[in-house]
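Listed below, chain by chain, are the residues.
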Number of protein chains: 2
Amino acid sequence: MSPQQRRSGLGTNQEAVRRHNLGTVLRHVHGAGQISRAELTSLMGLNRSTIAGLVGELESLGISERATPAGGARQGAGRPSAGVAIAGDGPCVIAVDLGVDRAVVARVGLGGRVLRRAQAPVPHDGEAWQVGASVAALIREVVEDAPTAAPLVGIGISVPGMVRRSDGLIRLAPNLEWHDVSFGGIVLAALGLDVPVSLANDADLGALAEHTRGVGVGIDDLIYVSGNVGVGAGVIMGGHRLEGAGGYAGEVGHLRFDPGGRPCHCGNRGCWETEVGGHAIAEAIHCPPDKVAQLDEVLDGFTSPSPELRRTGTAIGHGLASIVNMFNPRLVILGGYFRSLYELVGPEIDAGLTDRALPAPLESVRLSLPGLGSDSALLGAAEIALEPLFVDPVAALGSALVDVRAQLAG
Amino acid sequence: MSPQQRRSGLGTNQEAVRRHNLGTVLRHVHGAGQISRAELTSLMGLNRSTIAGLVGELESLGISERATPAGGARQGAGRPSAGVAIAGDGPCVIAVDLGVDRAVVARVGLGGRVLRRAQAPVPHDGEAWQVGASVAALIREVVEDAPTAAPLVGIGISVPGMVRRSDGLIRLAPNLEWHDVSFGGIVLAALGLDVPVSLANDADLGALAEHTRGVGVGIDDLIYVSGNVGVGAGVIMGGHRLEGAGGYAGEVGHLRFDPGGRPCHCGNRGCWETEVGGHAIAEAIHCPPDKVAQLDEVLDGFTSPSPELRRTGTAIGHGLASIVNMFNPRLVILGGYFRSLYELVGPEIDAGLTDRALPAPLESVRLSLPGLGSDSALLGAAEIALEPLFVDPVAALGSALVDVRAQLAG
DNA sequence: TCGTCCCTGTCCACCCGCACAACAAATTCT
DNA sequence: AGAATTTGTTGTGCGGGTGGACAGGGACGA
């Protein structure tokens, strides 16, 4: 959601104004990590005294605290502006990055600061409740050292599959072999807690995180293409997540690529994924099938690309061209094992894209590696969990969980 | 733009609240044509007295006028609510639908009412200034009988090509053979006027119009696929137009369809357009190439589809499947000659889509014909010209042109 | 070292816009 | 016809952003 949330046709009353302004201040603090009141006034276009009031409210809510004027970048004369910093025991969230072979869990505070992290392998044929128990154990671990005063706002979970927007149901996670799994409920049950849980697709969250604090800061039209066994994309257009009717937008893996190509697990032939998906690449580099989940590590061991890999690079570029034609992004971020591939066959990918994309969309697009490394999805999960805080800080804190440690013990 | 315009990170003051609420009231009046104050209060969630104040301001601006309680649908007891209707000599806009072989121009008032229309053929090899002069003549015609009091808010132009969002430059209109044409400036120069001009792609405007007052009312995720010699799409996601970095989003005609297919004018092989574009279909039905621009009329003469046409229908369905997978729309509207085709080979299109789309996005999508017939793009052009009125009615009226007739005479 | 300049934080009165309550008006239901 | 119901109108109150006055705090120049 954007500073102005997307309501359709509603009016605005002054209560909503306050909510929005308070949330926007917090969003700026979150984005910058630390920011001066003077910057806030110029960014938001409000009066000094108004900003003072808003900042005061955030402080009394225990979200932010006054900081000494940021030592570094002093620009001109005049009284230095007091900083607004994120409170040490301010609100935090749990972020979960569920991968095909491992789960990463982190406690994350405002500003995207990872306060503590833990991870564990996930069995290949694990049932959802087993994985849920394992994730719950990791959550208990990262909550262990949380300050008593720090409220837990929610849990965000990144999923390698299609997640229904309306209720967070995992419709299909092919590489976990899950169908219609209510993973949020499973984790909550395993924890014995009741906090807001948000789930979303890993590529969508990668896009969100890169837009908030990665290479995509300030770029309002970007796509994060993720290679994680399957191929998917997260799309941000006009500064907003592209979700689609059900939340399934961005399924670029099943773009028609070559009608005479290999059969795909979706039932068709020659989907893009059959050419550039994890299994296709594993085959191209003669990597054993059981190592597909660690494909990025395997690829990092390569120093020079084989001809097969070069051909794969071209195929990636050709697929990206369709994506660029369809969405006209300013930035395409290559995540997952595409990250390692871009190091190896970058020129082939670039050439494939340049060859097949239309001139107009091509001239404004740029390819890039993720700015957050392999943490994009994890930090994106933190972002969606934090989101309610920016829509209505007071309400979000009201429904947050206080003293999580005690709650988990009891 | 939505009721809440997309500003990034700005604060809201009460002046903005008033602007927004006034614009939102007007948007509702525009959408419904006529609406009661009571409906406005419940739609916008504001107090009766606030709505009364807003409606009063619209009346004093000469935009709306008080109407007798809508006779038809009386529901319960109680005093009937006074209606808000669009003023007879209220603001209006000029809408231009530039086609490959003809231009349609209309004067359109709020509520999407076409007050007067005119059209003329456009020479196949016309230069931009010639077409501009012809459009200017049509504009003079439709303005002839405009009430003196009615202010002209702007001109909206639908273009069969790629339009740069930042300045409305026509980057490429392949079937007009235009490159980098500043058509807005040309028309204004021919008129000797200075009013706001907005240009956009015809498919984008088709989507917009169908979303506002066609089959897509209330559906926030839809795609309008337009067949007009070339194939393009207009995308609305989350209630907002999908524009992309440069404004070129939705170029679905150059999706990779069959790498071994026919060469496309874009330089590649086997773009979707080479299978389902105007020229391909003309060939399939043995229609002479110079009649491609009137393909819809030719198709309307058919009663039963040939096997070639059936194959084309399947190809359309397969292409739509890629689009549905990428965007996950709730509604796909088939415009241009796809409209006539759907009457002929609807089952083949449906089957092609069902065959190739993923189950999750497929289950919520529906195909449909345009609700506005062949006027979608024209009414969409009116919509973008009216847009400033909903963002800030007072400001838009301030910069509108009064007594256009006199201005054009002088 | 001191004074000036410039910018910022704080406090105040003020204005604007929405909400709320009370009353009048208009229609339906009994 | 009277009660019930819903809406328009009016006046008052309240919340929230604005703007000015004043004080605080650092940079720069003399």
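Placed above this text is the structure.
Residues numbered from 1 in each chain as written. Chains lettered and ligands numbered in written order. Predicted model: local features only at pLDDT ≥ 70, side-chain atom pairs only at ≥ 80, totals over all residues. Heavy atoms only, no water.

(A) Here's a closer look at the sheet that holds strand 11 (residues 197–201) of chain B. Residue and element names in this part refer to chain B. Read across the open sheet, the 5 strands follow the order 6-5-4-7-11; overall the sheet is mixed. At either end of the open sheet lies a strand with only one pairing partner, and these are strand 6 (114–121) and strand 11. Across the sheet, the mean angle from the axis of one strand to that of its neighbour is 15°, orientation sign disregarded. Its contacts with the sheet place helix 13 (residues 376–391) against strand 4 (92–98), strand 5 (102–109), strand 6, strand 7 (152–159) and strand 11, and it is angled at close to 140° to strand 7. (Pairing = 2+ DSSP bridges. Helix = DSSP H or I, 4+ residues; strand = E, 2+ residues; numbered from the N terminus. Axes fitted to C-alpha atoms, helices over the stretch in contact; angles between N-to-C directions. Contact = heavy atoms within 4.5 Å.)

(B) Just the relation of the copies chain B and chain A, in detail. When chain B is brought onto chain A, the operation consists of a screw motion whose angular component is 180° and whose axial shift is 0.0 Å, with 0.1 Å RMSD remaining. The symmetry that links the two subunits is that of a two-fold axis. Minimal C-alpha distance to the rotation axis in chain B is attained by D258 of chain B, lying at 2.9 Å. A high fraction, 100%, of the interface residues of chain B reappear at the interface in chain A, so the copies pair face to face through one surface. (Least-squares fit on C-alpha atoms with pLDDT ≥ 70 in both.)

(C) Representation of helix 3 (residues 48–60) of chain A within the structure. Residue and element names in this part refer to chain A. Spanning 13 residues, helix 3 covers 18 Å between terminal C-alpha atoms, matching the ideal 18 Å at 1.5 Å per step. Here helix 3 has its buried residues at I51, L54, V55 and L58. All buried residues of helix 3 project into a common sector of 95° when viewed along the axis, lining one side. The exposed residues of helix 3 that point more than 90 degrees off its buried face are S49 and S60. Those residues of helix 3 that are buried are in contact with helix 1 (14–32), helix 2 (37–44), strand 2 (64–67) and strand 3 (83–86). A positive phi of about 80° marks G62, the residue just after helix 3. (Expected span 1.5 Å × (residues − 1). Buried < 20%, exposed > 50% of the residue type's maximum accessible area, 1.4 Å probe, protein only. Arc of directions from axis to C-beta.)

(D) Expanded view of the protein's contact with DNA strand D. In the neighbourhood of DNA strand D, 25 residues make up the surrounding shell, with R18, N47 and R79 of chain A together with R79 and S81 of chain B lying closest. Restricting the count to atoms of DNA strand D within 4 Å of the protein gives a sugar and phosphate share of 54%. Take G78 of chain B: an N or O atom from its main chain is 3.3 Å from a base oxygen of DNA strand D. Listing elements by their share of the surface near DNA strand D, those giving two or more residues are helix 1 and helix 3 of chain A together with helix 2 (37–44) and helix 3 (48–60) of chain B. The element contributing the most residues to the surface near DNA strand D is helix 1 of chain A, with 4 residues. Here the surface near DNA strand D is composed, by residue class, of 6 nonpolar, 12 polar and 7 charged. (Near = heavy atom within 4 Å. Polar contact = N/O pair within 3.5 Å; in protein donor to acceptor, adjacent residues only side chain to side chain. Nonpolar A, V, L, I, M, F, W, Y, C, P; charged D, E, K, R; others polar.)

(E) Molecular detail of the sheet that holds strand 12 (residues 222–228) of chain B. All names here are of chain B. Read across the sheet, 5 strands follow the order 14-13-12-15-16 without closing on themselves; strand pairing throughout is mixed. Sheet topology places strand 14 (240–241) and strand 16 (366–368) at the edges, where each strand pairs with a single neighbour. Two elements, strand 13 (residues 230–237) and strand 14, share 2 bridges in a ladder whose sense is antiparallel. Each residue of the ladder has a partner; that of I236, found in strand 14, is R241. The strands touched by helix 11 (residues 337–356) are strand 12, strand 13, strand 15 (331–336) and strand 16; relative to strand 15, the strand with the most contacts, the crossing angle is about 140°.

In short, shape yes, function no, at least from these values alone.
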